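# Overview (structure and organization)
Read off the chains here:
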Amino acid sequence: MEFELEVEKLATTPCNITANELEALLTADSNHLAPLFSTAAQIKTRFVGNKVYFRGLIEFSNRCAKDCLYCGIRCSNSKAGRYELSDQEVIDTARLAADLNFGSIVIQAGERTDKQYIRHISSLLEQIHAATNNTLGITLSLGEQSEETYRLWFESGATRYLLRIETSNEQLYKKLHPNNANHSFATRLNCLELLQKAGFQTGTGVMIGLPFQTEADLARDLLFMRDFDIDMVGMGPYIEHADTPLYAHSHLSPPVQKRFDLTIRMIALLRVMMKDVNIASTTALQAIRADGREAGLRVGANVMMPNLTPLKYQENYFLYQNKPRANEHTLTYIRELEASILRAGDVVAYGEKGNPLHFYSREKK
Ligand code: 5AD
């Protein structure tokens, strides 16, 4: 009963739910959650529709200057074979996305900030637009950069940027990253501000079920995304990787099923709190359950990022264990995704860029 009231409170605008109320919903017995999930599904239908936008994911390179304690492609992991796609491979993959009638692509890579790299990305953006007649929305996910770099990439034709805050709790952030100037919570926050200022549709997100993380942290993560006026969100369960320092603390993470369940709750709560944002149903969900991404769609997610990275590189972009790889045959892989989308009661929005509606309401403010 009491939870129904809280869900109702969530659904009203402006949403004024508190961290304690969110925490109660994150810790509630699952028997009480049906009203939350059905409200989230209704809000999704009403505000963003039952369309799923595909973003073709291009994992451009796993070279990384960062050393995040949870990540398989951290620079200290000498077991990761490093690669970078050639320009031709990037262009071919972007063309493939356009041929498949995806509205958008995402270019993701480890972090690099040298001048040559910055210019290279800029040139790739221009080459992609030229090769696909400006038909694709381009999202970048290339980490922390200077304001100048963000502006340059925006001018070169990227319109969206994903930069996860990983956790909004600074103390927890410090436990997940080396203690040095290259891994600063303040810088991460500042970069999110710079991205909004540069004009990007701005996305962030967190990992769920990390060692040392509590449900109260997750509740505050939701408020952080609301208060930051974020346009797009990608949240996924934390999944350990044996060749990382955080692996030693695995016993402090909840069981994977619990991480999965918490992620589903987080998606549902976020959809109810932020009705017009784009929410991705992430690959990490699928790493835990074969139908994981479908489960995300059922409670409010409306974006999927099919991996189009050439297969020979996919095994090297190994952020966490059991990371699913795309099917050998792209078309079979896409058909399987389509089938899961239909099972969730949605349709694929082919040929549409699917900009987050929240971006336009934020611009008007
Ligand atoms: N488990 C889950 N997600 C991870 N990421 C990196 N390592 C892991 C992991 N072990 C996520 C981070 C990063 C994104 C690219 O991948 O949130 O921002």
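Small disclaimer: the values here were computed from a predicted structure and weren't measured. (Residues numbered from 1 in each chain as written. Predicted model: local features only at pLDDT ≥ 70, side-chain atom pairs only at ≥ 80, totals over all residues. Heavy atoms only, no water.)

### Things to note about the overall build of the chain
For the chain, the helix and strand inventory stands at 15 helices and ten strands. Here the C-alpha radius of gyration of the chain, 19 Å, is about what a compact globule of 365 residues would show, namely 21 Å. Overall, the C-alpha framework of the chain stretches about 60 × 45 × 40 Å when taken along its three principal axes. Within the chain, the proportion of its 365 residues that are buried is 59%. A separation threshold of at least 6 residues defines the contact pool for the chain, and within that pool the share at least 24 residues apart is 77%. As presented, the chain carries roughly 14900 Å² of accessible surface, and 51% of it is formed by carbon and sulfur atoms. For the chain, the distance from the average site of its 40 positive side-chain charges to the average site of its 43 negative ones is 1 Å. (Helix = DSSP H or I, 4+ residues; strand = E, 2+ residues; numbered from the N terminus. Rg over C-alpha atoms; globule rule 2.2 N^0.38 Å. Buried < 20%, exposed > 50% of the residue type's maximum accessible area, 1.4 Å probe, protein only. Contact = heavy atoms within 4.5 Å. Areas by Shrake-Rupley, 256 points an atom, 1.4 Å probe, with all protein chains shown as cover. Lys, Arg positive; Asp, Glu negative; His and termini not counted. Charge placed at Lys NZ, Arg CZ, Asp CG, Glu CD.)

### Considerations on the site of the ligand
Close to the ligand lie Tyr 70, Cys 71, Gln 108, Arg 164, Glu 166, Met 207, Pro 237, Tyr 238, Ile 239, Leu 319 and Tyr 320. In the model, a nitrogen atom of the ligand is placed 3.0 Å from a nitrogen or oxygen of the Tyr 70 main chain. Between Glu 166 and the ligand, the recorded distance is 2.5 Å, taken from a side-chain N or O atom to an oxygen atom. Taken by itself the ligand offers 410 Å² of open surface, and the protein chains cover 87% of this. Residue composition of the shell around the ligand, grouped by class: eight nonpolar, one polar and two charged. (Near = heavy atom within 4 Å. Polar contact = N/O pair within 3.5 Å; in protein donor to acceptor, adjacent residues only side chain to side chain. Nonpolar A, V, L, I, M, F, W, Y, C, P; charged D, E, K, R; others polar.)

### Concerning the environment of Glu 84
By the element assignment, Glu 84 lies in the loop between strand 1 (51-61) and helix 4 (87-99). Here the alpha-carbon distance between Glu 84 and Phe 60, two residues 24 residues apart in the chain, equals 5.9 Å. Once residues lying within four places of it in the same chain are set aside, the contact partners of Glu 84 are Phe 60, Ser 61, Arg 63, Arg 112 and His 120.

### So, the packing of aromatic side chains
This model, assessed by the stated rule, comprises ten aromatic pairs. Seen in terms of ring centroids, Phe 154 and Phe 200 are 5.1 Å apart; in terms of plane orientation they differ by 75 degrees. Their pairing is edge-to-face. A residue pair is termed long-range when its members are at least 10 positions apart, and Phe 154 in helix 6 (residues 147-155) and Phe 200 in the loop between helix 8 (185-198) and strand 5 (201-204) qualify at 46 residues. According to the relative accessible area criterion, Phe 154 is partly exposed, its value standing at 29%. An angle of 70 degrees between the planes, with centres 5.6 Å apart, marks the rings of Tyr 161 and Phe 200 as edge-to-face. One end of the pair, Tyr 161, is in strand 4 (residues 160-162); the other, Phe 200, is in the loop between helix 8 and strand 5, and 39 residues separate them in sequence. Residue Tyr 161 shares its accessibility class with Phe 200, and that shared class is buried. (Phe/Tyr/Trp six-rings, centres within 6.5 Å; stacked < 30°, edge-to-face > 60°.)

### Quick word on the packing of helix 6 against helix 8
It is at 9 Å that the axes of helix 6 and helix 8 come closest, and there the two elements cross at 35 degrees. Of the two elements, helix 6 crosses helix 8, and the hand of that crossing is right-handed. For the pair formed by helix 6 and helix 8, the contact residues are Glu 147, Tyr 150, Arg 151 and Phe 154 on the first element and Cys 191, Leu 194, Leu 195, Lys 197 and Ala 198 on the second. Of the residues that constitute the contact of helix 6 with helix 8, the class distribution is six nonpolar, no polar and three charged. (Axes fitted to C-alpha atoms, helices over the stretch in contact; angles between N-to-C directions. Left-handed = near helix turned anticlockwise from the far one by under 90°.)

### A few points about the pairing of strand 8 (residues 278-281)
Residues Asn 278 and Ala 280 line one face of strand 8 and the alternating positions Ile 279 and Ser 281 line the opposite face, and both faces are buried. As defined by bridge partners, strand 7 (residues 232-237) adjoins strand 8 across four bridges and the pair is classed as parallel. Opposite Met 232, over in strand 8, you have Asn 278 as the bridge partner. The parallel pair strand 7 and strand 8, bridged by helix 10 (residues 256-273), forms a crossover whose chirality is right-handed. (Pairing = 2+ DSSP bridges. Right-handed = clockwise from strand over helix to strand, strands pointing away.)

### A closer look at helix 14 (residues 330-343)
For an α-helix, 3.6 residues make a turn, and residues three or four places apart therefore share a direction. Between its first and last C-alpha atoms helix 14 spans 20 Å; for 14 residues at 1.5 Å apiece the expected length is 20 Å, and the two agree. What helix 14 keeps buried is the set Tyr 333, Ile 334, Leu 337, Glu 338, Ser 340 and Ile 341. Taken around the axis of helix 14, the buried residues stretch over an arc of 165 degrees, which confines them to a single face. With respect to the buried face of helix 14, the exposed residues turned more than 90 degrees away are Leu 331, Leu 342 and Arg 343. Backbone geometry just after helix 14 places Gly 345 at a positive phi near 85 degrees. (Expected span 1.5 Å × (residues − 1). Arc of directions from axis to C-beta.)

Nothing here speaks to function; it is all geometry.
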